[in-house]
Amino acid sequence: MEGGKSFARRDRLLEIEAKARTWWEEKDVFRAEAGEKRPEPGEKFFGNFPYPYMNGFLHLGHAFSLSKLEFAAAFHRLRGANVLLPFGFHCTGMPIKASADKLAREVKQFGDPPVFPTEVEEQAGEEPEPEDPNGGAPALAVKFKGKKSKAASKSSGQMYQWEIMRSFGLSDSEISKFQNPYNWLSFFPPLAMEDLKAFGLGCDWRRSFITTDMNPYYDNFIKWQMRKLKAMGKIVKDVRYTIYSPLDGQPCADHDRASGEGVLPQDYTLIKMEVVSPYPPKLSSLEGKKVYLGAGTLRPETMFGQTNAWVLPDGKYGAFEINDEEVLIITYRAALNLAYQNFSKVPEKPTCLVELTGYDLIGLPLKSPLSFNEIIYALPMLSILTDKATGIVTSVPSDSPDDYMALHDLKSKPAFRAKYGVKDEWVMPFEIIPIIDVPEYGDRSAEKVCNDLKIKSQNEKEKLAEAKRLTYMRGFYEGTMLVGEFAGRKVTEAKPLIRSKLIEIGQAIVYSEPEKRVMSRSGDECVVALTDQWYITYGEPEWKKLAEDCFSSMNLYSDETRNGFMKTLGWLNQWACSRSFGLGTRFPWDEEFLVESLSDSTIYMAYYTVAHILQNGDLYGSGSSSVKPEQMTDEVWDFLFTRGPYPSSSDIPSSILYKMKQEFEYWYPFDLRVSGKDLIQNHLTFCIYNHTAIMSKDHWPRGFRCNGHIMLNSEKMSKSTGNFRTLRQAIEEFSADATRFSLADAGDGVDDANFVFETANAAILRLTKELSWMEEVLEAEASLRTGPLSTYADKVFANEINIAVTLTEQHYGNYMFREALKTGFYDLQAARDEYRYSCGAGGMNRDLLWRFMDVQTRLITPICPHYAEYVWREILKKSGFAVRAGWPTADSPDLTLKAANKYLQDSIVLMRKLLQKQILGSKKANKKGAPVTSLTESNLKGLIYVNEQYEGWKEECLKILQSKFDSRNCSFAPDQEILDELKSSSVGQATNFKQVQKLCMPFLRFKKDEAVALGPQALDLRLPFGEIEVLSENLDLIKRQLGLEQVEILSRTDPDALAKAGSLVSLLNQNPPSPGNPTAIFLTI
């Protein structure tokens, strides 16, 4: 009991799971051995999952993505395939090192153990939850409630690292050891293995490993890969703009970011608008230097039309030294970016000579490049964002709606000018200068669009956004230059030429910044830096073509995934692959740098095939092995993975070399890699590129299956709100199989899925109740009916089992696990419950129940393997293992029988409703046969009238629809053509056609919709089964379901049968039965 609530059912599942795992471990069930010859299609399945990052516990987000692979592998294993599912642990990169360094700083500042400031407040705000592109664990694993100093809380919004480690259940003496980053590698991977084993992962753990130089074998493997790429010219040293962390002192790739994954550098042209001397008092200390307002623009071709510059009155600016002679007035943020782009007197450190606000800049006279106005002025604009570009904006009212309206407001509102001290001569003389002709908008496109949209003020943000969209798009793609050296040329041609010329003559510089805010995992805001480092040449035309060839032949399981790859292949370019901070593998030719974490994880799937031989089952590669790390030369790796020649110089025994080669050739290529969709833009595309560069075409990846993120109870998973579960917590709370059940039910598409706690709790109840039911059935087995299947209910249930086997196999094969759960468990249980009730006094067939229990156990095995293994061994007393039991055999489903049973069940539901109305005393005749008088609840007789074929106008309508239906395209001829055919038919020629037509039209619409949904059989004049026969076979069921003493099934076309209705025959005439819709009349005996 916990909190007054019984957990006996969950605890039973946990006990069962422990037993099942013991059975599996005793026989090493998930050990995967390569066959001697290459497998035929379907004989083997090699699936893998991006190894998670080891700076915390695994959580349900990992489990959700992993479950897709686990269910797929379990399905293939069940069907008899040789399955390899390995699992590694990623430790490369900076997060672990950054956390270890934080601990060291806290110890240095506050002692060991640290004594944090006593003035505290509850932590506010959500902890950052960095998404590891390889599915990495976040630093926090549970809901942490830490207390910390106000200063710390307000400045960082994060807990102390020491407090985070305490929340893992570590003592202070243990935490101190984590100042050594390698201690993290010893602590978390074994815990992750424990959790995954408890989850029931069907993994060959002999092949597990960690990354970094702590594992000498993997370290050697990555060095070979890097040397291979460099020899092919695919790793080069270059100077490029890249997202960069000043605190870490190195580029910050997706894997290194707490937020801003996928963000790229955005290039601007920084226009140098010279401040005219003499300078105002605030700038007097700058006399003798050239001072510029630095305006970042994406449209340098419009500079001819400048009328002024814009500044934010309350904005904070500074005068920053670029070199000995030049000073740029910009925001500090922009100056910091420029400092990392070689535009600062002191590299990487902006030097601010004067701190300024926008008010200090208003009215500054400026000489701006290309402007037809010799002098323009800095004026106030209230909508400038100082976290975009430089905080200084050029004004071109001819082509910018924002500029046009802001200048319009200043000119038309004297009070506005007075408020900011704007003199008339700074504004009033300046008129629009036409510079670009835009089709339909003319040479003053901003004015034209603002007038068209009836924009009255610069405060109409939504309208201005639409105006900007219209003018910028048309102006760039269709505009023609009217002025300057490139007059007459298209804007698309002139823009790069004008930009280059401005930079060449020193009137502009290239400025780059992150297109959106990027935070590193160390907690600082990233900049764009011009760095000289090692790059992988993704995007190179010939290599890109190979990647596209691989991509085009892969199974990606969804259009959204395919589109994501197409988009990434379109933009992906050189990738910075070196780091100077963190853990990992050193570049073999430049040991100053480490291989970054998204570059040492592109072909490691191949390493799984030989890891168990090299590392001898030791996670760290530190145990005894018949192969030493230094023996793994490039020639050996080439022999294993690239079909290179036999390494004759190697002293590794040939038997071991050939064994490793056999493993790789048998398992490769991998069949499936499952991942979150966020990895499409980096890791998964890198995987394609590297395979095509290094491996032969028949070893290229076969399939990626991507999924969305997981929500918990329809809300985002978040540690700060407590809506969060580690994998360990979920197993303890729900059991492994109920967790897996809810993960399967959560969803299969690329959209975000939803793990519902109530589903997991319901699974506990369902699974344990099913165990009890099976035990009860087998205890009473002697009382079950024996012999062949003889009743209608037997045949229906046997057919439902066949349907479940067939559909569930399709769903598992398509990796649609929620659908597999529906058809293989929910629907099958519903069929069993219906069968149990339908059998009545005759009882259920013993052999059929045994088949049901066998089939249901096998179908649920991939999702709930512990439960299935227990049922297989302890209840059904079968030999071997459920996980290898084989897919159940089944006859082809009888869809006619299924339709007949649906007809039977639907008819019973309809008749029950009619009967209830009569018993409750309804005085009005129901169109389906409710009599005029009320009934008692006993001594009732039911007359069920059936008409098995459409007649009259309905028959004619169906024949017309049959002739106008295209079964290939599942579509009909135009409505008018059908109506014309109806008018020319015998129905249309009848004198009462106008009255009948009112009935025909809705009937035609209904049948058309039904045919489109179900196919041409919906237009048949009869159902594919005999209605009278089906109802007659189930008289006992109908009587029991409706509580009737007698039931008769009668034909509407039999005069003698009609006579039995007596005075109620008028109801049959008013509401005649039709195929699929019997009419019931109830009488008191």
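From a predicted model like this one, the values you see are computed outputs, not experimental measurements.

Conventions we followed
- Residues numbered from 1 in each chain as written.
- Predicted model: local features only at pLDDT ≥ 70, side-chain atom pairs only at ≥ 80, totals over all residues.
- Heavy atoms only, no water.
- Helix = DSSP H or I, 4+ residues; strand = E, 2+ residues; numbered from the N terminus.
- Contact = heavy atoms within 4.5 Å.
- Areas by Shrake-Rupley, 256 points an atom, 1.4 Å probe, with all protein chains shown as cover.
- Lys, Arg positive; Asp, Glu negative; His and termini not counted.
- Charge placed at Lys NZ, Arg CZ, Asp CG, Glu CD.
- Pairing = 2+ DSSP bridges.
- Phe/Tyr/Trp six-rings, centres within 6.5 Å; stacked < 30°, edge-to-face > 60°.
- Buried < 20%, exposed > 50% of the residue type's maximum accessible area, 1.4 Å probe, protein only.
- Lys NZ or Arg CZ within 6 Å of the ring centre and 35° of its normal.
- Disulfide = S-S within 2.5 Å.
- Right-handed = clockwise from strand over helix to strand, strands pointing away.
- Core = buried A, V, L, I, M, F, W, Y, C linked by side-chain atoms within 4.5 Å.
- Axes fitted to C-alpha atoms, helices over the stretch in contact; angles between N-to-C directions.
- Parallel < 35°, antiparallel > 145°, perpendicular 65-115°, else oblique.
- Nonpolar A, V, L, I, M, F, W, Y, C, P; charged D, E, K, R; others polar.
- Polar contact = N/O pair within 3.5 Å; in protein donor to acceptor, adjacent residues only side chain to side chain.
- Left-handed = near helix turned anticlockwise from the far one by under 90°.
- Salt bridge = Lys/Arg side-chain N within 4 Å of Asp/Glu carboxyl O.

**Observations regarding the overall build of the protein**
Each helix and strand in the protein was counted, giving 37 helices and 35 strands. Projecting the C-alpha coordinates of the protein onto the three principal axes gives extents of approximately 120 × 85 × 65 Å. In the protein, of all internal contacts separated by at least 6 residues, the share reaching a separation of at least 24 is 77%. Surface exposure of the protein reaches about 44800 Å², of which carbon and sulfur atoms provide 50%. Averaged over its 130 positive side-chain charges, the protein has a centre that lies 3 Å from the centre of its 145 negative ones.

**Regarding the sheet that holds strand 6 (residues 250-251)**
If you walk across this open sheet you meet the four strands as 6-5-21-22, and the pairing is antiparallel. Both outer strands of the open sheet, strand 6 and strand 22 (575-576), are each paired with one neighbouring strand and no more. Here two bridges tie strand 21 (residues 527-536) to strand 22, and the two strands are oriented antiparallel to one another. What sits directly across from Ile 536, in strand 22, is Trp 575.

**Things to note about the packing of aromatic side chains**
In this description, an aromatic ring pair is defined by two values, namely the gap between the centres and the angle between the planes. Tallying each qualifying case throughout the model produces 80 aromatic pairs. Note on Tyr 538 and Trp 543: the rings are 5.4 Å apart at their centroids and 40 degrees apart in plane angle, and the pair reads as tilted. Here Tyr 538 and Trp 543 have matching classes, each one buried. Its guanidinium or amino end placed over the ring of Phe 639, Lys 661 lies 4.8 Å from that ring's centre, counting from NZ or CZ.

**Things to note about the state of the cysteines**
Under the defined criterion, the tally for this structure stands at zero disulfides. Here Cys 687 is not cross-linked by a disulfide; its sulfur's nearest cysteine counterpart is in Cys 550, at 7.9 Å.

**Overview of the pairing of strand 1 (residues 44-48)**
With five of five residues buried, strand 1 lies mostly within the body of the structure. Relative to strand 2 (residues 82-84), strand 1 runs parallel, the two being bridged by three bridges. Bridging from a neighbouring strand, Phe 45 pairs with Val 83 of strand 2. Where the polypeptide runs from strand 1 across helix 2 (residues 60-78) and back to strand 2, its parallel neighbour, the crossover connection is right-handed. As paired elements, strand 1 and strand 26 (residues 672-676) share two bridges and run parallel to each other. Looking across to strand 26, one finds that Asn 48 is bridged to Arg 673.

**Structural notes on helix 19 (residues 634-641)**
Turn by turn, an α-helix covers 3.6 residues, leaving residues three or four places apart pointing in a common direction. Most of helix 19 is tucked away, with six of its eight residues classed as buried. Within the span of helix 19, buried status applies to Val 636, Trp 637, Asp 638, Phe 639, Leu 640 and Phe 641. Contact partners of the buried residues in helix 19: helix 8 (216-231), helix 18 (604-615) and helix 20 (654-667). Looking one or two places after helix 19, you find Arg 643, whose phi comes out positive at around 60 degrees.

**Describing the nonpolar core**
Residues Phe 87, Phe 89, Trp 184, Leu 196 and Phe 755 are the most contacted members of the largest nonpolar core, which totals 126 residues. Those residues in contact with Phe 755, other than ones at most four positions away along the chain, are Leu 60, Ile 710, Met 711, Leu 712, Asn 713, Phe 734, Thr 739, Ser 742, Leu 743, Ala 746 and Ala 760. One finds Phe 46, Ile 613, Phe 639 and Cys 706 within the second-largest nonpolar core, a separate group that totals 72 residues.

**Comments concerning the packing of helix 22 (residues 727-734) against helix 23 (residues 736-746)**
The N-to-C vectors of helix 22 and helix 23 enclose an angle of 110 degrees; their axes lie 7 Å apart at closest approach. Viewed along their axes, helix 22 and helix 23 adopt a mutual orientation that is roughly perpendicular. Packed against helix 22, whose contacting residues are Ala 730, Ile 731 and Phe 734, the element helix 23 presents Ala 736, Ala 738 and Thr 739 at the interface. Of the residues contributing to the contact of helix 22 with helix 23, the split by class is five nonpolar, one polar and no charged.

**Quick word on the side chain of Thr 307**
Its location among the elements puts Thr 307 in the loop between strand 9 (290-297) and strand 10 (308-311). A distance of 2.8 Å separates polar atoms of two side chains, one belonging to Thr 307 and the other to Asn 308. Every residue in contact with Thr 307, bar those within four places of it in the chain, is listed here: Asn 373, Ile 376, Ser 395, Pro 397, Leu 407, Phe 430 and Glu 431.

**Quick word on the packing of helix 25 (residues 792-813) against helix 27 (residues 846-860)**
Relative to each other, helix 25 and helix 27 sit at 15 degrees, their axes nearing to 11 Å. One way to sum up the angle between helix 25 and helix 27 is to call them roughly parallel. Between helix 25 and helix 27 the crossing geometry is left-handed. Residues Asp 794, Phe 797, Ala 798, Ile 801, Asn 802, Ala 804, Val 805, Thr 808 and Tyr 812 of helix 25 pack against Leu 848, Leu 849, Arg 851, Phe 852, Val 855, Leu 859 and Ile 860 of helix 27. Grouping the constituent residues of the contact of helix 25 with helix 27 by class yields twelve nonpolar, two polar and two charged.

**Re the pattern of salt bridges**
Side chains that carry opposite charge are capable of pairing whenever their charged atoms lie near each other. All chains considered together, the criterion is met by 71 salt bridges. Of the charged contacts, one joins Lys 878 and Asp 854 as a salt bridge, the two residues approaching to 3.2 Å between their closest N and O atoms. With Lys 878 in the loop between helix 28 (865-875) and helix 29 (895-919) and Asp 854 in helix 27, this residue pair connects regions lying 24 residues apart in the sequence. Lys 878 sits in the partly exposed class, given a relative accessible area of 29%. Here Lys 1007 ties to Glu 1010 by a salt bridge, and the two come within 2.8 Å at their closest N and O atoms. Pair noted here: Lys 1007 and Glu 1010 are both in helix 33 (residues 993-1014), with a separation of three residues, about one helical turn. Look at Glu 1010 and you get partly exposed, because its relative accessible area is 23%. Connected via shared salt-bridge partners are Asp 28, Arg 31, Glu 33, Asp 204, Arg 206, Arg 207, Lys 659 and Glu 663.

**Some thoughts on unusual backbone geometry**
Put simply, Ser 277 and Pro 278 share a cis peptide bond, and its omega is 5 degrees. Examined against the element boundaries, Pro 278 turns out to sit in the loop between strand 8 (265-275) and strand 9. Put simply, Tyr 668 and Pro 669 share a cis peptide bond, and its omega is 5 degrees. Positionally, Pro 669 belongs in the loop between helix 20 and strand 26.

**Let's talk about the pairing of strand 10**
Side-chain alternation along strand 10 places Asn 308 and Trp 310 on one buried face and Ala 309 and Val 311 on a second face that is also buried. Examined bridge by bridge, strand 10 and strand 15 (residues 376-380) share four bridges and lie parallel to one another. Each bridged residue has a counterpart across the sheet, and for Asn 308 the counterpart in strand 15 is Tyr 377. Of the pairings in the sheet, the one linking strand 10 to strand 16 (residues 393-395) comprises three bridges and is antiparallel in character. Among the inter-strand pairings, Asn 308 is bridged to a residue of strand 16, identified as Ser 395.

**Remarks on the sheet that holds strand 1**
Within the open sheet, the four strands sit side by side as 2-1-26-27. Their pairing is parallel. Edge positions in the sheet fall to strand 2 and strand 27 (704-707), since each of these pairs with one other strand and no more. With strand direction ignored, the average angle separating the axes of adjacent strands in the sheet is 20 degrees. Sheet contacts for helix 2: strand 1, strand 2, strand 26 and strand 27; angle to strand 26, the most-contacted strand, approximately 160 degrees.

**A closer look at the environment of Gln 729**
Locating Gln 729 in the fold gives a position in helix 22. We classify Gln 729 as partly exposed; its relative accessible area is 25%. As a C-alpha pair, Gln 729 and His 59 span 670 residues in sequence and 8.5 Å in three-dimensional space.

**Some points on the environment of Leu 264**
Counting through the fold element by element, Leu 264 comes out in the loop between strand 7 (257-259) and strand 8. The partly exposed category is assigned to Leu 264, whose relative accessible area is 32%. When the C-alpha atoms of Leu 264 and Arg 474 are compared, they prove to be 25 Å apart, with 210 residues separating the residues in sequence. Residues contacting Leu 264, with those up to four places away along its chain left out, are Ile 243, Glu 513, Pro 514, Glu 515 and Trp 571.

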